Amino acid sequence: MIALLQRVTQASVVVDDATVGAIGAGLMVLLCAERGDAEREADALLTKLLAYRVFADDAGKMNRSITDVGGGLLLVPQFTLAADTQSGTRPSFTPAAPPDEGRRLFDHVVQRARAKLERVETGQFGAHMQVSLVNDGPVTFWLQVKPQN
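Let us look at the structure shown here.

Calculation rules
Residues numbered from 1 in each chain as written. Predicted model: local features only at pLDDT ≥ 70, side-chain atom pairs only at ≥ 80, totals over all residues. Heavy atoms only, no water. Core = buried A, V, L, I, M, F, W, Y, C linked by side-chain atoms within 4.5 Å. Buried < 20%, exposed > 50% of the residue type's maximum accessible area, 1.4 Å probe, protein only. Helix = DSSP H or I, 4+ residues; strand = E, 2+ residues; numbered from the N terminus. Salt bridge = Lys/Arg side-chain N within 4 Å of Asp/Glu carboxyl O. Expected span 1.5 Å × (residues − 1). Arc of directions from axis to C-beta. Contact = heavy atoms within 4.5 Å.

1. Notes on the nonpolar core
Thought 1: Counting 28 residues, the largest nonpolar core has Met 1, Leu 27, Val 29, Leu 73 and Leu 75 as its most contacted members.
Thought 2: Among the elements of the structure, strand S1 (2-15), strand S3 (26-32), helix H1 (39-51), strand S6 (72-77), helix H3 (99-116) and strand S8 (130-144) are those that each provide at least two residues to this core.
Thought 3: Core analysis: the second largest hydrophobic core is formed by 16 residues, Ile 2, Val 8, Val 13 and Leu 30 among them.

2. Focus on the pattern of salt bridges
Thought 1: Applying the stated criterion across every chain yields a total of 7 salt bridges.
Thought 2: With a closest N to O distance of 2.2 Å, Glu 39 and Arg 104 form a salt bridge. Here Glu 39 is found in helix H1, whereas its partner Arg 104 is found in helix H3, with 65 residues between them in sequence.
Thought 3: Residue classification places Glu 39 among the partly exposed residues on the basis of a relative accessible area of 31%.
Thought 4: A salt bridge links Arg 104 to Glu 101, with the shortest nitrogen-to-oxygen separation between them at 2.5 Å. Highlighted residues: Arg 104 and Glu 101, both in helix H3, separated by 3 residues, approximately one helical turn.

3. Here's the deal with H1
Thought 1: Taking 1.5 Å of rise per residue, the 13 residues of H1 would be expected to cover 18 Å, and the 18 Å separating its terminal C-alpha atoms lies within 8% of that figure.
Thought 2: Taken residue by residue, H1 has Glu 41, Ala 42, Leu 45, Leu 46, Leu 49 and Leu 50 as its buried positions. Each buried residue of H1 sits inside an arc of 160° when the element is viewed along its axis, so together they form one side.
Thought 3: For H1, the secondary structure elements touched by its buried residues are S1, S3, helix H2 (66-69), S6, H3 and S8.

Structural measurements only, silent on function.
Now the structure itself:
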């Protein structure tokens, strides 16, 4: 599982001219399931994501997590994060999980996140989305949990 998280002051997702998800301050996370991922990897990634300290404490250091600050979480499905870009000029998406499996794991993460946070919004799996955000910092991190064989 891959997550590209960005600390934001606001973020939203629009599909067909309708806002399907929006948050104020918090994290906007592009989320991707890779081939071989299962609930174990999804749960491990979510645990790390919710505990990742990217918000400032009183001294201005990144010592607070999204759960510490009570921020919003916008989860956006993004299979292109798994692209193989090692050769040529056209990415290969073979490393990404098949669509049905990707949707199942995305929904799993959303369900688990909603059980732990007050404000969880989402993009729409399989849709053409317009994602807008104001990156605060900018602060952007790549998190990845590989399958444990």
